[in-house]
Structures are given as C-alpha cells and as structure tokens.
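Each chain, written out:
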Amino acid sequence: MTNKTIYIISDSFSLEDNNELLNKNNMSITNIIIKDDESSAKALLSASKKADLIVIINYNFVPISETIKVVKDIITPIIYCSINNLETQNDKNAITSFVPYVIHGYNEQTNNILLKTIEKILQ
C-alpha cells in the first residue's frame, strides 16, 4: 500500500498517529479540531482536496446544515463515527445518509474497529 493520508475531523477527539497498524500500512493522520458548523464545513472542504479518507467523529453542536451541504459534494470516502448513538435522537443522523461508512456507538476504547475499517477501505 502506498502512503495514504487520513483526516480526522472532530470537535474534541483525535486519533494518535503512532499506532502500530497505521505505521505498518504507511498511513498518516492529520487531526483537525473544529468548533462549529462553519469551521466543520471549511475543514471538510480543505481535507477533501488532500485526503485519501476522511473520518468525522461525532459533533456536539447544532446545526450542521453547512457540514451536510459540503458532505453531499465530497467524492473522498468518509467514515462517520457516532458516539453512543446520540445522533439518532437529535437529527444529526441526517449526515449518515450522505456518507458511505458509519460506525455507531464509537468511543476511544474501540479505536481498533476504526483502524481496521480504515485499513479495509484503503486497500
């Protein structure tokens, strides 16, 4: 596998890039911390120009209408990780209809699931 670039976009979460699985498979991770819908949309646009894969980790803000507009037009594969399925209760689940990969109930203890998913998508 050639070197792959992954962007993690979240309002609070980052995935460490020193993970053995990432190093073994020549993957590099860039974390972008966002604070609201506008910064999320800008980060997604920027990342989509450089990334082989984008991972969005649960947002704790609403609305997310600008984010959804941008997600609709991105060709780069996107994984959306929802934490504790909260999105099913507060309209954030709209984003899941526009991304090809969704991991529900994600938390930091399940990083290996995310890493294995990344590996499989980028093969």
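Provided above is the structure to which this section pertains.
> How would you summarise the nonpolar core if you had to cite specific residues and measurements?
Ile9, Leu44, Ile54 and Ile56 are the most contacted members of the largest nonpolar core, which totals 21 residues. Among the elements of the structure, strand S1 (4-10), helix H2 (37-48), strand S3 (53-57), helix H3 (65-73) and strand S4 (78-81) are those that each provide at least two residues to this core. Top contributing element to this core by residue count: H2, with four residues. When neighbours within four sequence positions are excluded, Ile56 is seen to be in contact with Ile9, Leu44, Val71, Ile78, Ile79, Tyr80, Cys81 and Ile95. Listed in part, the 15 residues of the second largest apolar core include Ile6, Ile8, Met27 and Ile103.

> Hey, could you go over the environment of Ile75 for me, with residue numbers and the actual values?
Secondary-structure assignment places Ile75 in the loop between H3 and S4. For Ile75 and Ser48, which are 27 residues apart along the polypeptide, the C-alpha to C-alpha distance reads 7.7 Å.

> Go over the pattern of salt bridges with me, naming the residues and quoting the values.
Evaluated as defined, the whole model comprises two salt bridges. Between Lys42 and Glu38 there is a salt bridge, and its shortest N-O distance comes to 3.2 Å. Note that Lys42 and Glu38 are positioned in helix H2 at a spacing of four residues, about one turn of the helix. Assessed through its relative accessible area of 55%, Lys42 is described here as exposed. A salt bridge links Glu66 to Lys69; its shortest N-O distance comes to 3.3 Å. Pair noted here: Glu66 and Lys69 are both in helix H3, with a separation of three residues, about one helical turn. What makes Glu66 partly exposed here is its relative accessible area of 36%. Classification of Lys69 as partly exposed rests on a relative accessible area of 49%.

> Run through the sheet that holds S4, naming residues and quoting values.
Pairing is parallel across the open sheet formed by five strands, whose spatial order is S2-S1-S3-S4-S5. The outermost strands of the open sheet, each flanked by one partner alone, are strand S2 (27-33) and strand S5 (101-103). Each strand axis lies, on average, 20 degrees off the axis of its neighbour in the sheet, ignoring direction. Examined bridge by bridge, S4 and S5 share three bridges and lie parallel to one another. Note that in S5 the partner of Tyr80 across the bridge is Val102.

How each quantity is defined
Residues numbered from 1 in each chain as written. Predicted model: local features only at pLDDT ≥ 70, side-chain atom pairs only at ≥ 80, totals over all residues. Heavy atoms only, no water. Core = buried A, V, L, I, M, F, W, Y, C linked by side-chain atoms within 4.5 Å. Buried < 20%, exposed > 50% of the residue type's maximum accessible area, 1.4 Å probe, protein only. Helix = DSSP H or I, 4+ residues; strand = E, 2+ residues; numbered from the N terminus. Contact = heavy atoms within 4.5 Å. Salt bridge = Lys/Arg side-chain N within 4 Å of Asp/Glu carboxyl O. Pairing = 2+ DSSP bridges. Axes fitted to C-alpha atoms, helices over the stretch in contact; angles between N-to-C directions.

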